[in-house]
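# Chain and residue survey
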Amino acid sequence: MINLILFGPPGSGKGTQAERLKEHFQLLHISTGDLLRSEIANGTALGLAAKEFMDAGQLVPDAVVIGMLGGAVDQARQAGKKGIIFDGFPRTTAQAEALEHMLTDKGTAVSCVLSLVVDEEELTQRILKRGLTSGRTDDTDIDTIRKRVQEYRTKTEPVASFYKDRDLLEEIEGVGSIDAITEALMDAVNAFSSKHSDG
Ligand code: AMP
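Residues numbered from 1 in each chain as written. Predicted model: local features only at pLDDT ≥ 70, side-chain atom pairs only at ≥ 80, totals over all residues. Heavy atoms only, no water.

Let us look at unusual backbone geometry. In the segment running from Phe89 into Pro90, the intervening peptide bond is cis, with an omega of -5°. In this structure, Gln26 takes a positive phi of about 55° despite not being glycine. Secondary-structure assignment places Gln26 in the loop between α1 (14-25) and β2 (27-31). A positive phi angle is found at Asp167, which is not glycine, with a value near 65°. Counting through the fold element by element, Asp167 comes out in the loop between α8 (142-164) and β5 (169-173). Classification of Asp167 by relative accessible area gives exposed; the value is 57%. (Helix = DSSP H or I, 4+ residues; strand = E, 2+ residues; numbered from the N terminus. Buried < 20%, exposed > 50% of the residue type's maximum accessible area, 1.4 Å probe, protein only.)

The tally for this structure, following the rule as stated, stands at three aromatic pairs. Ring geometry for Phe86 against Phe89: centres 6.0 Å apart, planes inclined by 45°, an arrangement best described as tilted. Residue classification places Phe89 among the buried residues on the basis of a relative accessible area of 2%. Judged by centre distance (4.9 Å) and plane angle (80°), the rings of Phe162 and Tyr163 are edge-to-face. By the burial criterion, Phe162 is buried, and Tyr163 matches it. Above the plane of the ring of Phe162 lies Arg166, whose end atom (NZ or CZ) is 3.7 Å from the centre. For Lys195, the ring lying beneath its charged end belongs to Phe192, and the centroid distance is 4.8 Å. (Phe/Tyr/Trp six-rings, centres within 6.5 Å; stacked < 30°, edge-to-face > 60°. Lys NZ or Arg CZ within 6 Å of the ring centre and 35° of its normal.)

One can describe the packing of helix α2 (residues 32-41) onto helix α3 (residues 45-55) by two numbers: an axis separation of 8 Å at closest approach and a directional angle of 120°. As the angle between them shows, α2 and α3 are arranged oblique. Between α2 and α3 lies a crossing of left-handed hand. Residues Gly33, Leu36, Arg37, Glu39 and Ile40 of α2 pack against Leu46, Gly47, Ala50, Lys51 and Met54 of α3. For the contact of α2 with α3, the residue count by class is five nonpolar, two polar and three charged. (Axes fitted to C-alpha atoms, helices over the stretch in contact; angles between N-to-C directions. Parallel < 35°, antiparallel > 145°, perpendicular 65-115°, else oblique. Left-handed = near helix turned anticlockwise from the far one by under 90°. Contact = heavy atoms within 4.5 Å. Nonpolar A, V, L, I, M, F, W, Y, C, P; charged D, E, K, R; others polar.)

Relative to the assigned elements, Thr32 resides in helix α2. In this structure Thr32 comes out as buried when scored by relative accessible area, which is 3%. Leaving out residues up to four positions away in the same chain, Thr32 has contacts with Val65, Met68, Leu69, Asp87, Gly88, Phe89 and Arg91.

What follows covers helix α9 (residues 178-195). Here α9 contains 18 residues, and its C-alpha end-to-end distance of 26 Å stays within 8% of the 26 Å for a straight helix at 1.5 Å per residue. On the buried face of α9, the contacting elements are β1 (2-7), α1, β4 (112-117) and β5. (Expected span 1.5 Å × (residues − 1).)

For the rest of this paragraph, the subject is the sheet that holds β4. With parallel pairing, the five strands of this open sheet are ordered in space as β2-β3-β1-β4-β5. Of all strands in the sheet, those with a lone pairing partner are β2 and β5, marking the two edges. Across the sheet, the axes of successive neighbouring strands diverge by a mean angle of 20°, strand direction being ignored. Here five bridges tie β4 to β5, and the two strands are oriented parallel to one another. (Pairing = 2+ DSSP bridges.)

Here the focus is the nonpolar core. Ile84, Phe86, Leu99, Val110, Val113 and Tyr163 are the most contacted members of the largest nonpolar core, which has 31 residues in total. One finds Ala18, Leu21, Leu116 and Ile181 within the second-largest nonpolar core, a separate group that totals 17 residues. (Core = buried A, V, L, I, M, F, W, Y, C linked by side-chain atoms within 4.5 Å.)

Right, let's get into α3. Within α3, burial applies to Gly47, Ala50 and Met54. What you see down the axis of α3 is that its buried residues fit within an arc of 70°, all on one side. For α3, the exposed residues lying more than 90 degrees away from the buried face are Ala45, Leu48 and Glu52. Against α2 and α8 lie the buried residues of α3. Immediately beyond the C-terminal end of α3, within one or two residues, lies Gly57, with a positive phi of roughly 75°. (Arc of directions from axis to C-beta.)

What follows is the structure in structure tokens.
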């Protein structure tokens, strides 16, 4: 399988690029943010519990997020996909460890982690712009946006070292034309695929 992780701060373009990469490499796209928003829309207990954290710009507890992903590999295989693209997951080292166990149990592994690099000022501007149309309350309030970026710096950034230690991390410049960034991401995936292959 090709299992990709799109990594980067809120507003770095993970969702946009994941849509493109999933088509090109025939992957199942898993966005934990989208899964959580759909739980909220369906009024489930999980959604209710997650909403408070999301509205405050905080990460949802690990157990809740990890619990949603148990069936991902089987789902990808049943749908005839070549692998999975994770967008917005893992966001903590505990999540990265859980993902490693989950994939190992299914006889597969993370192929590479593509980290989109975008500076803070550009991130805030992009999120505020997205907030005009996304309908996401966490995209409109400047304090919530700042909290999300802060959560990223303190809890999510350390995940990069987890994958750097495993030689799986590649940084990609996340500013420029969307097409050029997609191309750089695809090149990186192809370079990793020719280096390692788990079938
Ligand atoms: P996103 O759509 O990826 O920007 O996520 C929106 C919000 O959902 C985040 O600010 C978190 O509150 C929550 N969330 C999404 N993915 C995760 C995750 N992997 N771990 C914890 N919280 C998450």
